[in-house]
Amino acid sequence: MTCLECNKELGYLDHKNAMESLGVELCHKHHDRMKALIKKYDTPLEAIQLYYGLKEAGVKAMLEWWDGKKSVDIAISRVKLNIEIDSAYERLTEEQAIHNLEEAMHSFKNGFTTIRIPHIVVRYYLNETVRNIIGIMEGLKANLKTIN
Ligand SMILES: [Zn+2]
């Protein structure tokens, strides 16, 4: 067991603490860093799990990326893809829904594609989610080529 961020060997307690609170293997230092990020941005746990799932698949992404207007849960800048984790579908109001659509529109105008992923999909189908995102990245890359 090693830290997904720095590859440091994890002791039993570090491993247990990080798995229980975040569901990812992190050393004490990187666990603390993630906890600070969550406190600051209210980052969903699934965004962190997906971020490390992507990292393990070789995808370079950014957590809580500031796009000039808002913080995006995960951004993959190479293909201009923003990923937002929806953590409370059952409480989605029409105001939130139209707000989401407006945000997606603004991102599109800046050349960014936004996809929204329900948190339960990340929780139960992490590998499939990563696979689909890689497929979306390939599609976006092909589209970028045709434009340029
Ligand atoms: Zn570490």
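Everything numeric here is computed off the predicted structure, so don't read it as measured data.

(A) Highlighting the nonpolar core. If you look at the biggest cluster of nonpolar residues, it comprises 24 residues, and the most contacted ones within it are L26, A47, I48, L50, Y51, A61 and I74. Mapped by element, the contributors of at least two residues to this core are α3 (45-56), β2 (71-76) and β3 (81-86). Mapped onto the domain boundaries, this core takes at least three residues apiece from domain 1 (1-41) and domain 2 (44-147). Look past the residues within four positions of L26 in its chain and what remains in contact with it is C3, L4, E5, A18, H31 and M34.

(B) Representation of the pairing of strand β1 (residues 62-66) in the model. Bridge count for β1 against β2 is four bridges, and the pairing is antiparallel. Following the sheet pairing, W66 is matched in β2 by S71. Where β1 folds back onto β2 in an antiparallel hairpin, the turn is made up of four residues, including G68, whose phi is positive at roughly 105°.

(C) Geometry of the environment of I38. Position of I38 relative to the elements: it lies in helix α2 (residues 28-41). Taking the number of C-beta atoms within 10 Å as the measure of exposure, I38 has 17 and is therefore partly exposed. Taking C-alpha positions, I38 is 9.5 Å from E64, a pair spaced 26 residues apart along the chain.

(D) Just the environment of V59, in detail. Tracing the backbone shows V59 in the loop between α3 and β1. Classification of V59 as partly exposed rests on a count of 19 C-beta atoms within 10 Å. Remark: the alpha-carbon pair of V59 and R78, spanning 19 residues in sequence, is separated by 9.9 Å. Those residues within four positions of V59 in sequence are excluded, and the remaining contacts are L54, I76 and I134.

(E) Highlighting the pairing of β2. Extensive coverage of β2 is indicated by the burial of five of its six residues. The sheet contact formed by β2 and β3 spans three bridges and is antiparallel. In the strand pairing of β3, A75 is matched with N82. Hairpin remark: β2 followed by β3, antiparallel, with four residues in the connecting loop; positive phi at K80, about 50°.

(F) The arrangement of the sheet that holds β2 in detail. Reading across the sheet, the four strands line up as β1-β2-β3-β4 and stay open at both edges, with mixed pairing between neighbours. With one partner strand each, in any of the chains shown, β1 and β4 (113-118) form the two edges of the open sheet. With strand direction ignored, the average angle separating the axes of adjacent strands in the sheet is 45°. Where α3 meets the sheet, it contacts β1, β2 and β3, and its direction lies at approximately 15° from that of β2.

(G) Layout of the domain arrangement of the chain. Taken domain by domain, the chain comprises domain 1 (1-41) and domain 2 (44-147). The centre of domain 1, based on its C-alpha atoms, is set 23 Å off from the matching centre of domain 2. The residue inventory of the side of domain 1 that touches domain 2, partitioned by class, reads six nonpolar, one polar and no charged.

(H) Geometry of unusual backbone geometry. The phi torsion at D42 lies on the positive side, around 60°, for a residue other than glycine. By the secondary structure assignment, D42 is in the loop between α2 and α3. One non-glycine residue, K80, lies in the positive phi region at around 50°. Looking at the element boundaries, K80 is found in the loop between β2 and β3.

So, how was this worked out
- Residues numbered from 1 in each chain as written.
- Predicted model: local features only at pLDDT ≥ 70, side-chain atom pairs only at ≥ 80, totals over all residues.
- Core = buried A, V, L, I, M, F, W, Y, C linked by C-beta atoms within 7 Å.
- Buried ≥ 20, exposed ≤ 12 C-beta atoms within 10 Å, placed from the backbone.
- Helix = DSSP H or I, 4+ residues; strand = E, 2+ residues; numbered from the N terminus.
- Domains from an automatic or database assignment.
- Contact = placed C-beta atoms within 7 Å.
- Pairing = 2+ DSSP bridges.
- Axes fitted to C-alpha atoms, helices over the stretch in contact; angles between N-to-C directions.
- Nonpolar A, V, L, I, M, F, W, Y, C, P; charged D, E, K, R; others polar.

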